[in-house]
Amino acid sequence: MCDAECADADLSGADLSRASAERLRAEGARFDGAIASEIVLVGAKLAGASLRRTRLDRANLLDVDLRGADATGADLSRATIARCDFDRAVLREIVAPSVRIADSKLASADLREATLAGAALRGARLAGARLAGANLKKAELVEADLSGADLSQAIAAECLAIDADLSGAHLAGANLML
């Protein structure tokens with residue numbers, strides 16, 4: 001599907017597994033509880049969309065705009081995400097073990113209590129992000145920008161943090177056995 005328009009649509013609970021879309025415009029749409037396993041989205045516009053508790057396991061997202069989206073409790077297990085914009089997105093309690101996030105913006109995103117164990121966050125821009133209580137055990141934070149991020153009470157044991165920027169980060173109570 002190319003250039004589809006479904007802004008403000010309600011696709012809650014829909015089965016979108018293995019769907020593929022280029023340049024989908026779905027700003028403000030609701031995908032709450034949808035099953036979108038192995039979905040492929042390229043150049044999609046999902047700013048302000050609601051993806052609460054949506055299954056996006058093994059999804060491939062490239063150049064997707066998710067600014068201000070709410071994906072609380074979403075499953076992003078083993079998803080591949082590149083050059084996406086999650087600025088100010090709510091990603092609280094997401095389940096995303098082994099997710100691969102490359103060169104994506106997550107500035108000021110809310111990732112509190114997120115499960116990111118084994119995640120590859122290479123070059124992710126997490127400046128000012130809220131990661132309080134997040135599980136980052138064995139995560140790869142190579143060249144990640146975590147400046148000013150809140151990592152209080154986060155579990156970051158055994159992380160690989162080569163050239164990561166943690167300047168001004170809040171680390172009170174964090175487990176940082178890097």
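Residue numbers run consecutively from 1 along every chain, following the written order of its sequence. Since the coordinates come from a predicted model, pLDDT governs what is reported: local features require at least 70, and pairs of side-chain atoms require 80 or more to be given and counted, while whole-chain, interface and lining totals use all residues. Values reported for side chains reflect all heavy atoms of the structure, with hydrogen atoms and water molecules removed beforehand.

Visitor: Just give me the short version of the sheet that holds strand 3 (residues 60-62), but keep the residues and values in it.
Guide: By definition, two strands form a pair when at least two bridges between them are found by DSSP. Secondary structure is summarised from DSSP: a helix means a run of H or I of at least four residues, a strand means a run of E of at least two, and numbering begins at the N terminus for each. The strand order across the open sheet built from five strands is 1-2-3-4-5, with neighbouring strands paired in parallel fashion. The sheet terminates laterally at strand 1 (20-22) and strand 5 (100-102), the two strands that pair on one side only. Strand-to-strand twist across the sheet, computed as the mean angle between neighbouring axes with direction ignored, equals 5 degrees. Pairing analysis gives three bridges linking strand 4 (residues 80-82) to strand 5, with the strands arranged parallel. All axes are obtained by fitting lines to C-alpha atoms, using only the stretch in contact for helices, and the reported angles, taken between N-to-C directions, cover 0 to 180 degrees.

Visitor: A description of unusual backbone geometry should follow, citing residues and the corresponding values.
Guide: Note: most peptide bonds trans; most residues except glycine with negative phi. For Arg-23, which is not glycine, the phi torsion reads 60 degrees and is therefore positive. Tracing the backbone shows Arg-23 in the loop between strand 1 and strand 2 (40-42). For Arg-58, which is not glycine, the phi torsion reads 60 degrees and is therefore positive. By the element assignment, Arg-58 lies in the loop between strand 2 and strand 3.

Visitor: Any chance you could break down the side chain of Ser-152 for me, citing the residues and the numbers?
Guide: Here Ser-152 shows up in the segment after strand 5. We call two residues contacting when some pair of their heavy atoms lies within 4.5 Å. Contacts of Ser-152, omitting those with residues within four sequence positions, involve Leu-131, Ala-132, Gly-133, His-170, Leu-171 and Ala-172.

Honestly, it's all geometry; don't read function into it.
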